[in-house]
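Examination of the molecular architecture
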Amino acid sequence: MTPSSRPAIQPAILAIERSAVALKLAKGLKGRERVAALLDCTAPRQKSALDRGLILVDYALAATAAVSIVQGLLATTASIIIGILFLPLTLFIGDLIGQCTHKWLDSYASEDGFFLGQAAQEFRKHHEYPANLNGVGYLNHIAAFGKVLFLPFLGMALTSWFHSPALGLNLLFLLILLLNATEIHKQAHKSKPDFHGRLLQSTGLFLTFSKHARHHQPPFDSEFAVINGWSQLLTDRFGFWTKMDLFWWKTFGDLPRTWIQDPRAIPQSAIEEFRQDPSKIPHDLLVYSEAYPERRPPAVSLLLENLRAGA
Ligand SMILES: [Zn+2]
Ligand SMILES: [Zn+2]
């Protein structure tokens, strides 16, 4: 089957469904044709000039704040030492915030949200074809986060840091880390990271592929770190995200998206609830299970067969 002969995909369905259907079709292709079809359904979209321009505005605001911070730091040696001593903690906090944001986008965020809806779609598509980010330009890749971080950068620029330059240094560093988190993640995927990526990966300050690889293996529900992986010890050891998924399901009755992408992660209690009330089964689960039958456990297959038989 050639890409041109692939059936048209309804534009009205959600992007994640569209990518599931297209990925199913791409399975029948080989070589370049297959890569082209995969990129066709998973490559991040071109962001608006406004969104890309906001990143440059963010950096201009960061430079303004940096002038004030450096002036403050140079006034006393103690503030330079304190500022530097707290940088490892800031790297840890940045990694933890990166994990929480990543998990939110992978599992809970709406794909229609104004600020991060598009990012949620792109994070989910990245699971299915991890090489989809390798050719994406810097501004286009981080554009969603430039928009979200605009107000914090503006706040930094409008505040004088003479009285607490060590704190200012760490806050500014944190914002720059968060702005670049997905780019750091992209470096972990490249077979040949850029020079700065390679250097920072070798010192343990940036995420490496070995720390991130398991995130792309079923059930796509661990290793959410995108900066350096330091905070993963905390979350993965205690099964924090698995517990959070259960909490989300029990509280909101909404299936975490990672369960839809891999139904083997759906707990027995949720399957039982679907058995008693099939109307609760989300449409996305049907679409995704058709694209990836190998990820469907027998209990979910039976559930979907019964649903179709009753339809
Ligand atoms: Zn992810
Ligand atoms: Zn990845």
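Read on for an overview of the structure. None of these values were measured; they are calculated from a predicted model.

A few points about the coordination of the zinc ion (ligand 1)
The protein atoms that coordinate the zinc ion (ligand 1) are His102 (NE2), Asp106 (OD), His127 (NE2) and His215 (NE2), at distances of 2.1 to 2.2 Å. Coordination at the zinc ion (ligand 1) is irregular: its 4 donor atoms span angles of 85 to 174° at the metal. Written as a sequence motif, the donor residues of the zinc ion (ligand 1) are H-x3-D-x20-H-x87-H. Taken together, the residues span a long stretch of sequence, with His102 in helix α5 (residues 87-108) and His127 in helix α6 (residues 117-128) at a distance of 25 residues.

Looking at empty space enclosed by the protein
Per the counting criterion, the structure on display carries 1 cavity of 30 Å³ or more. Considering only enclosed or pocket space, the largest cavity measures out at about 170 Å³ in volume. Lining of the largest cavity is provided by 14 residues; of these, Glu122, Phe123, Leu133, His141 and Thr182 occupy positions nearest its centre. When residues of the lining of the largest cavity are traced back to their parent elements, those giving at least two are α6, α7 (138-148) and α10 (181-189). Ranked by residues supplied to the lining of the largest cavity, first place goes to α6 with 4 residues. Among the residues making up the lining of the largest cavity, the classes are represented as 7 nonpolar, 5 polar and 2 charged.

With respect to the packing of aromatic side chains
Scanning the entire structure with this criterion turns up 8 aromatic pairs. Centre to centre, the rings of Phe240 and Trp241 are 4.9 Å apart; their planes meet at 75°, and the pair counts as edge-to-face. A relative accessible area of 5% places Trp241 in the buried class. Through a chain of ring-to-ring contacts, the aromatic side chains of Trp104, Tyr108, Trp248 and Phe252 assemble into a single cluster. The lysine or arginine in question, Arg295, covers the ring of Tyr292, its NZ or CZ lying 3.7 Å from the ring centre.

Conventions adopted
- Residues numbered from 1 in each chain as written.
- Chains lettered and ligands numbered in written order.
- Predicted model: local features only at pLDDT ≥ 70, side-chain atom pairs only at ≥ 80, totals over all residues.
- Heavy atoms only, no water.
- Donors = N, O, S within 2.8 Å, 3.2 Å for Na, K, Ca; no water.
- Tetrahedral: all angles 85-135°; square planar, octahedral: opposite > 155°, others 65-115°.
- Helix = DSSP H or I, 4+ residues; strand = E, 2+ residues; numbered from the N terminus.
- 1 Å grid on protein atoms, 1.4 Å probe; cavity = no way out; pocket = protein on both sides within 12 Å on 5 of 7 lines; lining within 4 Å.
- Points joined across faces, edges and corners; volume = space filled by probe spheres on them.
- Nonpolar A, V, L, I, M, F, W, Y, C, P; charged D, E, K, R; others polar.
- Phe/Tyr/Trp six-rings, centres within 6.5 Å; stacked < 30°, edge-to-face > 60°.
- Buried < 20%, exposed > 50% of the residue type's maximum accessible area, 1.4 Å probe, protein only.
- Lys NZ or Arg CZ within 6 Å of the ring centre and 35° of its normal.

As far as function goes, none of this settles anything; it's purely spatial.
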